[in-house]
Amino acid sequence: MPNLDDIPIFVLEEIAFHVALTSFLGPPKDLPSLLGVSRCIHNSLSIRITPHLYARIFQAKFDIAAVSRRLESDITVTEQASELVLRCETLKRLQRDNYLRHIDCEQLRVDLWVSYLMFLENDGNNARQLVGYAKIDAFALQFVRLGGRLHDGVADTQGWPLNNEINSLAMWLFWFTDFGKLFASRLDMFIIPLAERIPNESQAERDAIVDALSPIYAGSFKVGYPHTHAPLTYFLIPPVNLPPASAAPLSILPFSASQIPPPCTIPSHFDYEFTLACPLLVPPVILSFVCRQEVPYDSLPRQDNSVPRRSAAPATRAEARRTGWRGATEEDRLTFDRLHTMREEWMREGRSMAYDQDWYRLRTCYDPWVTAYRDRVYKPGMLDGLWDGKWLMIPPNEFHALLTEAQAGIPFPQDFRRAHYQFPMQFRIREHHQCDPDAVFSFDDNGPGALCAWLPPGTRFVEREGMLRVFNGTELITSYHTYNPFHQKDEDDMDVDTKHKGPYGDGVYDILLTAETESAFGEAWGHNTFRGRVRDWDGLVVLERMPAVCTFGGQGRWIFQGYLHGQQNLVGRWRETGTQFDAPGWEGAWSMAKCI
């Protein structure tokens, strides 16, 4: 009778590979049965002897393209085998119903990092494992809802959740699973899009999530909720002529050192140890908050008499033009009601490439005083095009009351979700690139900083014939080339020197931005122009909005600042410009999605 121990090793490995994949989801649960047949088989198929077998299993169950691309090196079979063990152990822990009740903080931190990085590297398989097997969406919901782990310690902070590594990672997982819930009845999974999933939540479920997120959404004015990786005061990072925050008295710094989240050490990612920036807590909160605040146009507050109610508005834009009507029509209102400002396609092939810049930002931006590691946190051309979205407003009186109460230590109000409004927003952005390092438009960081979009007072732009000419009054200072997606060289056609020249690569040393609302949108909701800049250290986008007609008591020149996530969602905070950065100013949230 044939002895299994006599089977050639290459045949045995092939058998083990297919046994491991009898179920795609989860760890290779049937493999231990094969390993237990005999000591000889167990030893022959051990991870130490055959790491290439476990690397094959890893590649069949998880995604690896993003890791090789971002680390710019081949991941060895030993490193893949080690990562397979780490991920399988993580998935099994996350699947437990009582996971959050019995896990210690350090193990929770490691598991959250493993899950978060899996999403950043996802090309389809990672999301299937996390949602289809580990039920990460249920875990994230349990973490975030009122009374969940997100709110640990709020009794000591007057109702304000803590901004820490664990809460930030869990919020990003919550947002990632908000995009679409995967169901795994078999290998051919399908997605319920965000636009269909969120409305299916009961009103009580939605209100509970909004209540849980409201303190962070509303409280970005608090030092404890930074929404950028470095202070907005500075365009040049590291700050010039300033010592590190750890060595400088806070009295000489124009920002608090506690605004900078401490760097995080990742103990093992394919056997590499990394120091990364902590993912910011505020962006996923804004995204999750905004998508649950889809309110009908009729509930918007009236800014002035030009904003109609449904009963008075013309049916269409053509009718409004014929009758001389100013403001939104019934057609505009319906368009706004159907507007969803976030987009994602987790299952699309090559999806992880959209998150390369998110990874590079974490890898690069963990300390504003450290510049040892640099990579492209922004890819030229990503902002070019049409964007739709919304900005959210807490009325000035309510915001002032919230600010005053927070400073006085009064607990966060439980009925806050009724105290804000949202408005449609749109612009078409053009990028303008400077490829000459000696012709970059300089900015003095001793000035008003991002309150003027890092553009000196008196700056004037003139766009003509594919160029942006920059003037100081009537004096021409410099010129930038306007980005044209149809006239760009493919990266494969660039020489190595050009490809890596400049902080943005592609030979680009600085990026200025101009934008305006489309004509039809402006007729309904108001015409605006924008100008701004991208900060090369972290890819922070800052836009100065200048409305044709000022609203809210003339405070129409506002600054919109935020990051681009996944190359599709531009999210951050806006604030008025009448208050300096060293004092809390009236502010709110905004979120835009690129129109495909």
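Residues numbered from 1 in each chain as written. Predicted model: local features only at pLDDT ≥ 70, side-chain atom pairs only at ≥ 80, totals over all residues. Heavy atoms only, no water.

Asker: Can you walk me through the overall build of the protein chain in this structure?
Answerer: If you tally the helices and strands in the protein chain, you get 20 helices and 15 strands. A burial count over the protein chain gives 55% of its 596 residues as buried. In the protein chain, of all internal contacts separated by at least 6 residues, the share reaching a separation of at least 24 is 68%. By element, 53% of the accessible surface of the protein chain is carried by carbon and sulfur atoms, the whole surface being about 25800 Å². (Helix = DSSP H or I, 4+ residues; strand = E, 2+ residues; numbered from the N terminus. Buried < 20%, exposed > 50% of the residue type's maximum accessible area, 1.4 Å probe, protein only. Contact = heavy atoms within 4.5 Å. Areas by Shrake-Rupley, 256 points an atom, 1.4 Å probe, with all protein chains shown as cover.)

Asker: Hey, could you run me through the nonpolar core in this one?
Answerer: The tendency in soluble globular proteins is for nonpolar side chains to be buried as a group. Grouped together as the largest cluster of nonpolar side chains are 131 residues, with contacts concentrated most on Tyr116, Phe139, Leu383 and Phe427. A per-element tally of this core places helix H8 (residues 105-120) first, with ten residues. If we skip the residues at most four places from it in the chain, Phe427 touches Gly385, Leu386, Trp387, Ala515, Glu516, Thr517, Phe530, Leu543, Leu570, Trp590 and Met592. One finds Leu232, Phe443, Ala450 and Val542 within the second-largest nonpolar core, a separate group that totals 19 residues. (Core = buried A, V, L, I, M, F, W, Y, C linked by side-chain atoms within 4.5 Å.)

Asker: Sorry if this is basic, but what is going on with the packing of aromatic side chains here?
Answerer: For any pair of aromatic rings, geometry is given as the distance between the ring centres together with the angle between the planes. All chains considered together, the criterion is met by 25 aromatic pairs. Ring centres of Phe58 and Phe62 lie 5.2 Å apart, and the angle between their planes is 25°; on these two criteria the pair is classed as stacked. Assigned by exposure class, Phe58 and Phe62 land together as buried. Where Phe139 meets Phe143, the ring centres are 6.2 Å apart and the plane angle is 55°; that geometry is what we call tilted. With Phe139 and Phe143 both in helix H10 (residues 136-144) and four residues apart, this pair spans about one turn of that helix. Classification of Phe143 by relative accessible area gives buried; the value is 0%. An aromatic cluster is built from Trp113, Tyr116, Phe119, Trp172, Phe176 and Tyr355, whose rings are joined through pairwise contacts. In this arrangement the basic side chain of Lys61 is found over the ring face of Phe24, its NZ or CZ atom lying 6.0 Å from the centre. (Phe/Tyr/Trp six-rings, centres within 6.5 Å; stacked < 30°, edge-to-face > 60°. Lys NZ or Arg CZ within 6 Å of the ring centre and 35° of its normal.)

Asker: Where do I start with the environment of Ile477 in this structure?
Answerer: With respect to the secondary-structure elements, Ile477 resides in strand E9 (residues 475-482). Sequence separation between Ile477 and Ala439 is 38 residues, and the spatial gap between their C-alpha atoms is 8.6 Å. If sequence neighbours within four positions are ignored, Ile477 has contacts with Phe441, Val470, Phe471 and Asn472.

Asker: Is there a simple way to explain the pattern of salt bridges in this structure?
Answerer: Two side chains carrying opposite charge are able to pair once their charged atoms lie near each other. For the coordinates displayed, the defined rule picks out 20 salt bridges. The shortest N-O distance in the salt bridge between Glu14 and Arg56 comes to 3.1 Å. A residue pair is termed long-range when its members are at least 10 positions apart, and Glu14 in helix H1 (residues 9-20) and Arg56 in helix H4 (residues 51-61) qualify at 42 residues. Overall, Glu14 belongs to the partly exposed group, its relative accessible area being 35%. In this structure, Glu165 and Arg109 form a salt bridge, with 2.8 Å as the shortest nitrogen-oxygen distance. On the criterion of sequence distance, the pair formed by Glu165 in helix H11 (residues 165-178) and Arg109 in helix H8 is long-range, its members being 56 residues apart. The same class applies to Glu165 and to Arg109, which are both buried. Several salt bridges converge on common partners, so that one network encompasses Arg69, Arg70 and Asp356. (Salt bridge = Lys/Arg side-chain N within 4 Å of Asp/Glu carboxyl O.)

Asker: Before we go on, may I ask you to explain the packing of H1 against H4 in this structure?
Answerer: Helices that pack against each other are described as a pair by the angle of their axes relative to one another and the distance between those axes. Running from N to C, H1 and H4 point in directions that differ by 30°, and their axes come no closer than 10 Å. Compared by their axis directions, H1 and H4 come out roughly parallel. For the crossing formed where H1 meets H4, the hand is right-handed. Residue-level contacts link Glu13, Glu14, Ala16, Phe17 and Ala20 of H1 to His52, Leu53, Arg56, Ile57, Ala60 and Lys61 of H4. (Axes fitted to C-alpha atoms, helices over the stretch in contact; angles between N-to-C directions. Parallel < 35°, antiparallel > 145°, perpendicular 65-115°, else oblique. Left-handed = near helix turned anticlockwise from the far one by under 90°.)

Asker: Looking at this model, I keep getting lost on unusual backbone geometry. Mind explaining?
Answerer: Glycine aside, residues mostly have negative phi angles, and peptide bonds mostly take the trans form. In this structure, the amide linkage connecting Ile237 to the following residue, Pro238, adopts the cis form with an omega of 0°. Looking at the element boundaries, Pro238 is found in the loop between helix H13 (203-218) and strand E3 (264-269). The phi torsion at Gln158 lies on the positive side, around 55°, for a residue other than glycine. With respect to the helices and strands, the residue Gln158 is situated in the loop between H10 and H11. With a relative accessible area of 34%, Gln158 lands in the partly exposed category. The backbone phi angle of Asp271 is positive, close to 65°, even though this residue is not glycine. Relative to the elements of secondary structure, Asp271 occurs in the loop between E3 and strand E4 (272-276). Asp271 sits in the partly exposed class, given a relative accessible area of 45%.

Asker: Would you take a moment to explain the side chain of Asp63 for this structure?
Answerer: Mapped onto the elements, Asp63 comes out in the loop between H4 and helix H5 (65-71). Despite its burial, Asp63 remains without a salt bridge, the nearest opposite charge being carried by Arg87 at 6.7 Å. Among the polar contacts made by the side chain of Asp63, one reaches the main-chain amide nitrogen of Asn125 at a distance of 3.1 Å. Polar contacts involving the side chain of Asp63 include one to the main-chain amide nitrogen of Asn126, which spans 2.9 Å. (Lys, Arg positive; Asp, Glu negative; His and termini not counted. Polar contact = N/O pair within 3.5 Å; in protein donor to acceptor, adjacent residues only side chain to side chain.)

Asker: What is the right way to look at the environment of Gly505 in this model?
Answerer: Among the structural elements, Gly505 can be located in the loop between helix H19 (496-499) and strand E10 (510-516). Between the C-alpha atoms of Gly505 and Cys435, which are 70 residues apart in sequence, the distance is 10.0 Å.

Asker: How should helix H14 (residues 282-291) be read in this particular structure?
Answerer: Residues that lie three or four places apart on an α-helix share one face, since the helix turns once every 3.6 residues. The buried count for H14 comes to ten of ten residues, which makes it a mostly enclosed element. Among the residues of H14, Val282, Pro283, Pro284, Val285, Ile286, Leu287, Ser288, Phe289, Val290 and Cys291 are the ones counted as buried.

Asker: What's the story with the environment of Ala277 in this structure? I'm lost.
Answerer: Mapped onto the elements, Ala277 comes out in the loop between E4 and H14. Looking at Ala277, the relative accessible area reads 2%, which means it is buried. Each C-alpha atom, one on Ala277 and one on Tyr366, is 3.8 Å from the other, the two residues being 89 residues apart in sequence.

Asker: Sorry if this is basic, but what is going on with the packing of H10 against H11 here?
Answerer: The interhelical angle for the contact between H10 and H11, taken along N-to-C directions, is 130°, at an axis separation of 9 Å. Overall, the two elements H10 and H11 adopt an arrangement that is oblique. Pair H10 / H11 crosses with left-handed handedness. Residues Ile136, Asp137, Phe139, Ala140, Leu141, Phe143 and Val144 of H10 form the contact with H11, whose own contacting residues are Ile166, Asn167, Ala170, Met171, Leu173, Phe174 and Thr177. Looking at the contact of H10 with H11 residue by residue, the class counts come to eleven nonpolar, two polar and one charged. (Nonpolar A, V, L, I, M, F, W, Y, C, P; charged D, E, K, R; others polar.)

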